[in-house]
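Take a look at the letters that make up each chain.
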Amino acid sequence: MIHLKSRQEIDILREANLIVHEVLAKLKSMCQPGLTTLELDHVAEDMTRKFRGRPAFKGYHGFPATLCTSINEEVVHGIPSKRALKEGDILSIDYGICFRDYYGDAAVTVPIGKISDDVAFLLKTAQECLGLGIRQAMAGNHVADISAAIQTHAEVQGFSLVKEFSGHGVGRSLHEEPVVLNYVANGRGIQLKPGLVLAIEPMVNQGTDKVVVLKDGWTVVTKDRKCSAHFEHSVAITEDGPLILSLPPSGESPVFGGCR
Ligand code: MG
């Protein structure tokens, strides 16, 4: 069932997602060689509690941590650990909060120190894919317009899209309908209406689109062990176009030009 949100609900989702932004900004500022992902997880959990929220992922289907931290070939759902980050790594941080019964959800991939030009281009393209997808999140468009924008840009730049995981509606549940694929499958999907709130989250791979799950039961890695990047924003469809809930008005990136 598709749940369209009222103005009041979008206001709460906005608050939740601005916390997500603040936590991710703090984590990003901490990222450097030598830091462990467990240290990041502790900071994220502390901040979540200070904001009177609850970590959305912890306990979700048994996931053990506040953050999903995925390094290099890890695509999503990596578990924070004592593994230290190294110069040249990339780290995807996915973070969600439950705040006043509503969920905020966003992700970012961060370079650790100096990274190779190839991997920097992957990050840039993945972020552009997210921006281009968001621009399609307009009333009257269909879900597949978002998918097509993401897929086209990634493939034109020579990358592939993970097919097994997708974006989703978000609200009183972390994952709501509709599914927001990062590639075009059959049909156009539902038509987008004001009040629909979507977490849009392309996962872009350097090599093959094929992924496997490690023995821990969570960590998804690329089959060829090449790098993968993940960016996510929660976005409300409004009468006036897409509103990126997980980005403050002052934090507009040129990638998202045209969005509020
Ligand atoms: Mg998500």
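Everything numeric in this text was worked out from a predicted model, so none of it was measured.

## Overview of the coordination of the magnesium ion
- The coordination sphere of the magnesium ion contains the protein donors Asp-105 (OD), His-168 (NE2), Glu-201 (OE) and Glu-232 (OE), at a distance range of 2.2 to 2.4 Å.
- Mapped onto the polypeptide sequence, the residues donating to the magnesium ion form the spacing pattern D-x62-H-x32-E-x30-E. Note that Asp-105 is positioned in strand S5 (residues 102-111) and Glu-232 in the loop between strand S13 (228-230) and strand S14 (233-238), a separation of 127 residues in sequence.
- What makes Asp-105 buried here is its relative accessible area of 2%.
- Residue class for Glu-232 comes out buried when judged on its relative accessible area of 1%.

## Considerations on unusual backbone geometry
- In this chain, Glu-177 is followed by Pro-178 through a cis amide linkage whose omega measures 5 degrees.
- Positionally, Pro-178 belongs in strand S8 (residues 176-180).
- In the Ramachandran plot, His-77 falls in the positive-phi region, its phi being about 65 degrees despite a non-glycine side chain.
- Residue position: His-77 is located in the loop between strand S3 (74-76) and strand S4 (90-99).
- Since its relative accessible area comes to 25%, His-77 is described here as partly exposed.

## Side note on helix H4 (residues 143-156)
- Between its terminal C-alpha atoms H4 stretches 20 Å, which fits the 20 Å expected from 14 residues at 1.5 Å a residue.
- If you check which residues of H4 are buried, you get Val-143, Ala-144, Ile-146, Ser-147, Ala-149, Ile-150, Gln-151, His-153 and Ala-154.
- The inward-facing, buried residues of H4 abut helix H3 (117-135), strand S6 (160-161), S8, strand S9 (197-200) and strand S10 (203-205).
- Directly beyond the C-terminal end of H4, a positive phi value near 95 degrees is found at Gly-158.

## Looking at the sheet that holds S10
- Taken in spatial order, the three strands line up as S6-S10-S13 in an open sheet, and their pairing is antiparallel. Two strands in the sheet have a free side with no partner beyond their single neighbour: S6 and S13.
- Examined bridge by bridge, S10 and S13 share three bridges and lie antiparallel to one another. By the bridge assignment, Met-203 is partnered in S13 with His-230.

## A few points about the pattern of salt bridges
- Tallied over the full model, the rule gives nine salt bridges.
- In this structure, the salt-bridge partner of Glu-45 is Arg-49, at a minimum N-O distance of 2.8 Å. Highlighted residues: Glu-45 and Arg-49, both in helix H2 (residues 37-50), separated by four residues, approximately one helical turn.
- Between Arg-83 and Glu-74 there is a salt bridge, with the nearest N and O atoms lying 3.5 Å from each other.
- Take Glu-74: its relative accessible area is 11%, and that puts it in the buried class.

## Focus: the packing of aromatic side chains
- What the rule picks out here adds up to two aromatic pairs.
- Ring geometry for Phe-63 versus Trp-218: centroids 5.0 Å apart, planes at 85 degrees, classification edge-to-face. In this pair, Phe-63 is assigned in the loop between strand S1 (54-55) and strand S2 (67-71) and Trp-218 in the loop between strand S11 (211-213) and strand S12 (220-222), connecting sequence segments 155 residues apart.
- Since its relative accessible area comes to 3%, Phe-63 is described here as buried.
- For the cation-ring pair, Lys-163 lies above Tyr-183, with the distance from its terminal atom to the ring centre recorded as 5.3 Å.

## A few points about the packing of H3 against H4
- Here H3 crosses H4 at 155 degrees, and the two axes come no closer than 8 Å. Judged by the angle between their axes, H3 and H4 are roughly antiparallel. Judged by the sense of rotation from one axis to the other, the crossing of H3 with H4 is right-handed. Residues Thr-125, Glu-128, Cys-129, Leu-132 and Gly-133 of H3 form the contact with H4, whose participating residues are Ile-146, Ala-149, Ile-150, His-153 and Ala-154.
- Broken down by class, the residue content of the contact of H3 with H4 amounts to six nonpolar, three polar and one charged.

## Comments concerning the environment of Lys-50
- Here Lys-50 shows up in helix H2.
- For the pair formed by Lys-50 and Ser-166, sequence separation is 116 residues and the distance between their alpha carbons is 30 Å.

Parameters at a glance
Residue indices begin from 1 for each chain and proceed along its sequence in written order. The predicted nature of this model means local features are confined to residues of pLDDT at least 70 and side-chain atom pairs, given and counted, to a pLDDT of 80 or more, with totals for whole chains, interfaces and linings taken over all residues. Processing note: side-chain calculations cover all non-hydrogen atoms of the structure and skip hydrogens and water entirely. For Na, K and Ca the donor cutoff is 3.2 Å, while for all other metals N, O and S atoms count as donors only within 2.8 Å; water does not appear among the atoms, so some sites may look incomplete. Think of it this way: any DSSP run of H or I at least four residues long counts as a helix, any run of E at least two long counts as a strand, and we number them from the N terminus. Note on classification: 1.4 Å probe, protein chains only; a residue is buried when its accessible area is under 20% of the maximum for its type, exposed when over 50%, partly exposed between these limits. Take the residue count of a helix, subtract one, and multiply by 1.5 Å to get its expected span. In this analysis, two residues are considered to be in contact whenever any of their non-hydrogen atoms come within 4.5 Å of each other. Here, a strand pair is defined by DSSP locating no fewer than two bridges between the strands. For this analysis, a salt bridge means a side-chain nitrogen from Lys or Arg found within 4 Å of a carboxyl oxygen belonging to Asp or Glu. Stacked, edge-to-face and tilted are the three classes for Phe, Tyr and Trp ring pairs, Trp counted by its six-membered ring, which pair at centre distances within 6.5 Å; planes under 30 degrees apart are stacked, over 60 edge-to-face, the rest tilted. Placement of a charge over a ring requires the Lys NZ or Arg CZ to be within 6 Å of the ring centre, with the centre-to-atom vector within 35 degrees of the ring normal. Note on method: axes are straight lines fitted to C-alpha atoms, helices fitted across the in-contact stretch only, with angles between N-to-C directions ranging 0 to 180 degrees. If an angle is under 35 degrees, it is roughly parallel; if it is over 145, roughly antiparallel; if it lies from 65 to 115, roughly perpendicular; otherwise it is oblique. By convention the crossing between two helices is left-handed if the near helix lies anticlockwise of the far one by an angle smaller than a right angle, and right-handed if it lies clockwise. For this classification, the nonpolar set comprises Ala, Val, Leu, Ile, Met, Phe, Trp, Tyr, Cys and Pro, the charged set comprises Asp, Glu, Lys and Arg, and every other residue, Gly included, is treated as polar.

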